[in-house]
Amino acid sequence: MKNLIYPHESFQIIGAAFEVHNVLGSGFLESVYQEALGLELSTRNIPFEREKELNIMYKDKLLKKRFYADFVCFNNIIVELKAVAEILPEHRAQVLNYLKATQKPLGLLINFGESSLKFERYANTRPNSLNRELR
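Keep in mind the model is a prediction, meaning the values are calculated, not measured.

1. Here's the deal with the layout of surface pockets
Here the largest pocket defines a volume of roughly 210 Å³. In terms of residues, the lining of the largest pocket owes the most to one element, helix 3 (residues 89–102), which gives six residues. The class makeup of the residues in the lining of the largest pocket is six nonpolar, four polar and one charged.

Below, the structure is given as C-alpha cells:
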C-alpha cells in the first residue's frame, strides 16, 4: 500500500462515496448515487467534473465517438459508478479503457448496488500498462 497513486485524494473520494452509501443504502439507480455523490464531493470541497467527456484517439486522429466518465476528480482520477449486484468484467474493462484513452493515472470503480459499498482501484503506472492496485 505504500506505493498507491493519489492515496490521500482517493481516500477522500471513497470517504464521500461511503457517506452516500451510508445515507442512501443500496437499491437506487446509478443516477441517484451520481447526483448524491456530486453533492457530497462539493460539500467536501473535492474538485470534480461530472459526466466528463473523454476523447478517443486512433493513430493520432480524434474519433467522433465520445465516452463520458461519471466523474473526474482532482483532474487526474476517473471515478466510474455502478449500482449493480456485483462488479462484472465489463465494468472493469470500462474503467481500464477510460484510463487508456485519457492516460489519467488512476481510476476508481465504485459499486453502490451491493449491501456494502465496494470499490476497486486501477493504476495507469505507465503508458499501455494498467494494473489493479492492491488495497
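2. Side note on the nonpolar core
Ile 13, Leu 37, Val 79, Ile 110 and Phe 112 are the most contacted members of the largest nonpolar core, which has 22 residues in total. Those elements that provide at least two residues to this core are helix 1 (7–24), helix 2 (30–43), strand 4 (67–73), strand 5 (77–82), strand 6 (106–111) and strand 7 (118–126). No other element matches the five residues that helix 1 contributes to this core. Apart from residues lying up to four places away in sequence, Val 79 is in contact with Ile 13, Asp 70, Phe 71, Cys 73, Leu 108 and Ile 110. Judged by nonpolar contacts, the second largest core, of ten residues, contains Ala 69, Val 72, Ile 78 and Tyr 122.

3. A few points about the packing of aromatic side chains
Considering all chains together, one arrives at five aromatic pairs under this definition. When the ring of Phe 28 is compared with that of Tyr 33, the centres are 6.1 Å apart and the planes differ by 80 degrees; the resulting orientation is edge-to-face. Joined through ring pairs, the aromatic side chains of Phe 28, Tyr 33 and Phe 112 make up one cluster. Directly above the aromatic system of Phe 67 lies the positively charged group of Lys 65, at a separation of 5.4 Å from the ring centroid.

4. Quick look at the pattern of salt bridges
Tallied over the entire structure, the rule returns five salt bridges. Among the ionic pairs, Lys 82 bridges to Glu 80, the shortest N-O distance being 3.7 Å. Glu 80 matches Lys 82 in its accessibility class, with the two residues each being buried. Measuring nitrogen to oxygen at the nearest pair gives 2.8 Å for the salt bridge that ties Glu 120 to Arg 92. Here Glu 120, found in strand 7, pairs with Arg 92, found in helix 3; they are 28 residues apart in sequence, far enough to count as distant. By relative accessible area, Glu 120 is classed as buried at 6%.

5. Let's talk about helix 3
An ideal rise of 1.5 Å per residue puts 20 Å on 14 residues; helix 3 measures up with 20 Å between its terminal C-alpha atoms. Buried within helix 3 are the following residues: His 91, Gln 94, Val 95, Tyr 98 and Leu 99. On an axial view of helix 3, the arc spanned by its buried residues comes to 130 degrees, and they lie on one face. In this structure, helix 3 carries Pro 89 and Lys 100 as exposed residues pointing more than 90 degrees from its buried face. Looking one or two residues past helix 3, Gln 103 carries a phi angle of roughly 60 degrees, positive in sign.

6. Structural notes on the confidence of the model for the chain
Model confidence for the chain is summarised by a mean pLDDT of 89, while 91% of its residues fall at 70 or above. Of the regions scoring below 50 in pLDDT, residues 128–135 engages in 25 contacts with residues more than four places distant in sequence or in other chains.

Definitions and limits used
- Residues numbered from 1 in each chain as written.
- Predicted model: local features only at pLDDT ≥ 70, side-chain atom pairs only at ≥ 80, totals over all residues.
- Heavy atoms only, no water.
- 1 Å grid on protein atoms, 1.4 Å probe; cavity = no way out; pocket = protein on both sides within 12 Å on 5 of 7 lines; lining within 4 Å.
- Points joined across faces, edges and corners; volume = space filled by probe spheres on them.
- Helix = DSSP H or I, 4+ residues; strand = E, 2+ residues; numbered from the N terminus.
- Nonpolar A, V, L, I, M, F, W, Y, C, P; charged D, E, K, R; others polar.
- Core = buried A, V, L, I, M, F, W, Y, C linked by side-chain atoms within 4.5 Å.
- Buried < 20%, exposed > 50% of the residue type's maximum accessible area, 1.4 Å probe, protein only.
- Contact = heavy atoms within 4.5 Å.
- Phe/Tyr/Trp six-rings, centres within 6.5 Å; stacked < 30°, edge-to-face > 60°.
- Lys NZ or Arg CZ within 6 Å of the ring centre and 35° of its normal.
- Salt bridge = Lys/Arg side-chain N within 4 Å of Asp/Glu carboxyl O.
- Expected span 1.5 Å × (residues − 1).
- Arc of directions from axis to C-beta.
- pLDDT = per-residue confidence, 0-100.

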